[in-house]
Amino acid sequence: MIFDTTVWMSLVILLPLAAAITAFLLPRHALAIGLTSSGLIVLSVIALTISLVDGGAARDQMGGWGAPLGIDLVADGLSAVMLLMTAAVGLAITIYAKGYFPARDAHKRAFFWPLWLFLWGSLNALFLSGDIFNLFVTLELLGLSAVALTALVGKPTAVRAAMRYLLVGLAGSMMYLLGVAFVYAGYGALDIAQLRMLVADGPPLYAAATLMTVGLMMKGALFPLHFWLPPAHANAAAPVSALLSALVVKAPFYIMLRLWMDVLYPLADTAAPQVLSALGIAAILWGSIQALRQPKFKLLVAYSTVAQLGYLFLLIPALLADSRPQVLGAIVSFMVAHAAAKAAAFLSAGNILHATGDEQIASFTGLLRTLPLTVTTFALAGLSLVALPPSGGFIAKWLLLDRALANGDWWLVVVIIAGGLLAAGYVMRVLGPTFRERETKPTNARAVPRSMALSAFGLSVLAIILGFMGVYLLDLLAIEPVSMMVGGG
Amino acid sequence: MTETALLYMVVGVVLFGMGLFALVAYPHLLRKILAMNVMGTGTFMVFIAIAHNGDNQPIDPIPHALVITGIVVAVCSTGLALALASQVQALTGQPRIDGSEREE
Amino acid sequence: MSWESLLPLAIVLSSFIPGVMIFFFSEKQAGLRTGLNIAAALVKLVLVAILINGVWRGDTLYELRVSLLPGLDLALRADALSLLFIILSATLWLVTTVYAIGYMEHSKNRSQFFGFFSLCVSSTMGIALAGNLLTFLIFYEMLTIFTYPLVVHNGTDKAMGGGRVYLMYTITGGAALLLGVVWLYMLAGQVEFTDGGALASVAHHTTPLTIIFFLFIVGLGVKAALFPMHGWLPRAMVAPAPVSALLHAVAVVKAGAFGIVRVVNDVFGVTLAQDLNLLQPLLVMACITVLVGSMFAIFQDDLKKRLAYSTVSQVSYVVMGVALFGPIGATGGLLHLVHQGVMKITLFFGAGSFAETLGIYRVSQMNGIGKRMPLTMGAFTIGALGMIGVPPVAGFISKWYLGTGALDANMDWVIGVLMLSSLLNAMYFLPILYRAWFMTQQEAWPHEHDFGRFETHWMLLTPPVVTAVFSILLGLFASLPYGLLDWVELIISREYLL
């Protein structure tokens, strides 16, 4: 590639941050800055990926200071996949937001763009972080932007939900930070690559593991610490809900993946991974059943997120056993497929709300006639969520089932299958009525702006196309750093 | 680790625990925000304890750097929390977010 | 990539692309839509004709593979069995399209209807051309998805209820099938459809293989309406008649039966299936379905429901044939796959015509209908006689082979089942025929449309007549060289390695 990988790594972080500040300082141009910078960020991410594929994993010592004092950025296959996922969903949400925040709502528009760009920047930085403290900082930045975006709408329900989100999130961050303290106290390093060599079984690791895992569970809404998610995701503006469910909530899980694979792995034989897996099962069942009961569309989708996040935890014990590459492939493909599908689902909810002003599912009768593209969007997204072929969700479910069967985990198999049936239930709760004939014409059907309709549709199509990109995803994931030791410092 | 450092660490952990309890137990938003800050302070004390290498030894600068970063983060979070809390007060008249309105 | 390897994909796309295009047509562009439909059907028939020659000779060029995951390929392949299904589907689709255009003339949302109609057919083509279990599963589930909007097309409460029951059954069945496929792939690697079976290397895992077989039968049996998973079929009669015709003769039910044939013949292989004692229970299930379906049919007054239960019963003949260990029985089963399709679609065309022309939905209203609509009723009669097994209509041939096959496999009791079932068929078909031809009309037709010179719209009249004639031709000229029987014997010989 034209430049070294490390240049793209820095660019991918600096671009959104710089654009965010610029958008904040020039509110009248916020939309233009948002659109152009989004395009540039996407291009940078693509360039970074290409350069990774060519040159292998890379490590960047920011400012020339190496670890342990300096902050190292690390880009490997997993980072690239997460960055691409963020870029794809982010681009769609950017286009959607263009239509969602109309010119007359200048106030909201002026604040949305800086906050969204900060969020994007923090995500990119998080996925490129190589040490556990930088993960904390980026996680905090992510949380603060997300909270602010949630409260942006200004409704009392949204503001209250944002407050709860903030408090829970901060509690989680503090626990994580205390865990970092114990890791440093026990092993004297913060860099993940160094820690991988240094960690051993012992009290510091137990304490750190408990604190960090519980803290990340809170931020990542794993059952039973998921209670803040449904109100926050349901009451935010549609593009924000899409961001939260598709991207923000994946970051704590990503950190958990990295931690358990590279830092906490000596604890693989303890009960902790099994507990996580069991909580995942509970999340799937509880979330799906709650989704079946919701009268409001966005709450249904939010509970679906709670359920789908459970799938990610099912295979953590398997991840720490021998077959890591395949299990990681299963988990990551699920994350990516869910991101596309869930974002599309929330965006379609926004479209429906925009057109009819009603988010009660009972009012969706006959919607197929009035909003065919939006209903198709949700149908395709639902296809991936239920994991019917051909879709990204199907490939992910296949991989999960394959690994579960290979390890002989029958209860996981049952839960995965049951989860799919329950998902079909709550998806059809929404889709079924749209086929019905309406007796009366809908009263006020506002036209949905093209940017909103097409961006949502594009995401749902992406969810389907992901079903054919499994080979590329797994190839990308396989890019790993050759040498883990860092020099200098 | 020396006794002083151990004392600091234990106190830090105790503060953390008290803060966590208060965060969960008290409904008033300002108390929750204060509790969150106490949790942070407890964590910072643990870091400071870790930095101590023994009397008359040079301290480890890294945990100090982490504490400073942490303070900055905590200040920003507190700022956002206070702003949100005042919004909640303004919109609902009550400085609290009870669980009863969870399902909206 | 040679043009031959693209042929299977072309056949699938020949319905898929028009289907998607039709969604964008407005209701006023009916002529354009019709033209596109007919053109696509003809294109497909041409492609199929090209394939027939090559597959007869045993060419293996017609294969296309796409990698979905490492070690997991999507494979489209044309072999003799796929062509059997494709020829049946493609021909009947053309006929049904004509019928549907006539039937749906006053209906709403026709673009949506014909769009999903085409997508259903493309899924069926994919099922037929699937070269391995994964591809089969993918198109099988796609068929479920695309048939739902057709079942609920009328948008009434009854339609929605029928649709919900349909989905509950088919999605659960799909989950069972998915589990079976993933498990088998984990055991045996990628399972390509191979004549004589593909599981030789793992044949010793008897318990997992038995459970997997059971999962397959449950998953496939839902669509094939095998007892006790048949419950959705009568409820799905709420769909418009062309949908019922398509679902019962061509697409959904046949896809399930076709899947069972594939699993027994080309995944497990008849020999392994027999060794694992899997064929006996399957045979028993098929026979139970045959009898139970017929018994329920007798008590139905609603004509389409009676035909639905008849389908439940008749499709199980295919399963029966494949579960009889022996080439003759298998031949009978495959023959019936085609024969039942042609005969049953005639019956459903008739039922739909009666409803559209005269407002008749129940058997008790059919007195004297033979006088009013002689051609349609004549076609109906031929179909009914074929179902009972009266020569020279095609049904007789397949039942004969099944009976002989039963004797050949030392399952003499199956003949009893066949005879009893023919008797039951007579019990629910003959009264209809008697009423129609020999009883006089009691009251005015509920809702009569006048079509001028012909007894009904020519688009409703021609298809059943055409398919009725086919039923007779298939029976009379069964043993013609290059006829259906030769083709089926080709398939069976490759399977049994004769």
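Report follows, based on the coordinates. (Residues numbered from 1 in each chain as written. Chains lettered and ligands numbered in written order. Predicted model: local features only at pLDDT ≥ 70, side-chain atom pairs only at ≥ 80, totals over all residues. Heavy atoms only, no water.)

### Points about helix α3 (residues 77-100) of chain A
All names here are of chain A. Taking 1.5 Å of rise per residue, the 24 residues of α3 would be expected to cover 34 Å, and the 34 Å separating its terminal C-alpha atoms lies within 8% of that figure. With 18 of its 24 residues buried, α3 lies for the most part within the structure. Where α3 begins, the side chain of Asp76 points an oxygen toward the backbone nitrogen of Leu78, at a separation of 3.3 Å. (Helix = DSSP H or I, 4+ residues; strand = E, 2+ residues; numbered from the N terminus. Expected span 1.5 Å × (residues − 1). Buried < 20%, exposed > 50% of the residue type's maximum accessible area, 1.4 Å probe, protein only. Polar contact = N/O pair within 3.5 Å; in protein donor to acceptor, adjacent residues only side chain to side chain.)

### Focus: the interface of chain A and chain B
Contacts between chain A and chain B engage 41 residues on the former and 39 residues on the latter. For the pairing of chain A and chain B, the buried interface totals around 3500 Å² over both sides, and the portion due to carbon and sulfur atoms is 81%. Where chain A packs against chain B, one counts zero salt bridges. In this structure, the connection of chain A to chain B is made through two residue pairs in polar contact (both at pLDDT 80 or more). Mapped onto the side of chain A that touches chain B, the elements with two or more residues apiece are α5 (132-151), α6 (156-187), α9 (229-235) and α13 (297-314) of chain A. Here the side of chain A that touches chain B gets 20 residues from one element, more than from any other, and that element is α6 of chain A. Of the residues in the side of chain A that touches chain B, the class split is 31 nonpolar, five polar and five charged. (Contact = heavy atoms within 4.5 Å. Buried area = accessible area lost by both parts, 1.4 Å probe. Salt bridge = Lys/Arg side-chain N within 4 Å of Asp/Glu carboxyl O. Nonpolar A, V, L, I, M, F, W, Y, C, P; charged D, E, K, R; others polar.)

### A look at the packing of helix α15 (residues 324-356) of chain A against helix α17 (residues 372-386) of chain A
Residue and element names in this part refer to chain A. Running from amino to carboxyl end, α15 crosses α17 at an angle of 150°, the nearest separation of the two axes being 8 Å. In terms of orientation, α15 and α17 fall into the roughly antiparallel class. Note on packing geometry: the crossing formed by α15 with α17 is left-handed. Note on element contacts: α17 touches α15 through Thr374, Thr377, Phe378, Ala381, Ser384 and Leu385, opposite Ala337, His338, Ala341, Lys342, Ala344, Ala345, Ser348, Asn351 and Ile352. (Axes fitted to C-alpha atoms, helices over the stretch in contact; angles between N-to-C directions. Parallel < 35°, antiparallel > 145°, perpendicular 65-115°, else oblique. Left-handed = near helix turned anticlockwise from the far one by under 90°.)

### Overview of the packing of aromatic side chains
Two measures describe an aromatic ring pair: the distance that separates the ring centres and the angle between the ring planes. Residues and elements named next belong to chain A. What the rule picks out here adds up to 35 aromatic pairs over all chains. Taking 4.9 Å as the distance between ring centres and 85° as the angle between the ring planes, the aromatic pair formed by Phe127 and Tyr254 counts as edge-to-face. Placement of the pair is Phe127 in helix α4 (residues 106-128) and Tyr254 in helix α11 (residues 250-262), with a sequence separation of 127 residues. Both residues of the pair, Phe127 and Tyr254, count as buried. Seen from their ring centres, Phe253 and Phe313 are 5.0 Å apart, and the 75° between their planes marks the pair as edge-to-face. (Phe/Tyr/Trp six-rings, centres within 6.5 Å; stacked < 30°, edge-to-face > 60°.)

### Quick notes on the side chain of Ser353 of chain C
Residue and element names in this part refer to chain C. The residue Ser353 is located in helix α14 (residues 327-358) in this model. Accessibility expressed as a relative area gives 0% for Ser353, which makes it buried. A polar contact of 3.4 Å, which involves the side chain of Ser353, links it to the backbone oxygen of Leu460. When residues no more than four places from it in sequence are discounted, the contact partners of Ser353 are Tyr99, Leu358, Met373, Thr376 and Leu460.

### What about the pairing of strand β1 (residues 58-61) of chain A?
All names here are of chain A. Of the two faces of β1, only one is covered, namely that formed by Ala58 and Asp60; the face formed by Arg59 and Gln61 stays uncovered. Bridging between β1 and strand β2 (residues 72-75) involves four bridges; their strand directions are antiparallel. Each bridged residue has a counterpart across the sheet, and for Ala58 the counterpart in β2 is Ala75. (Pairing = 2+ DSSP bridges.)

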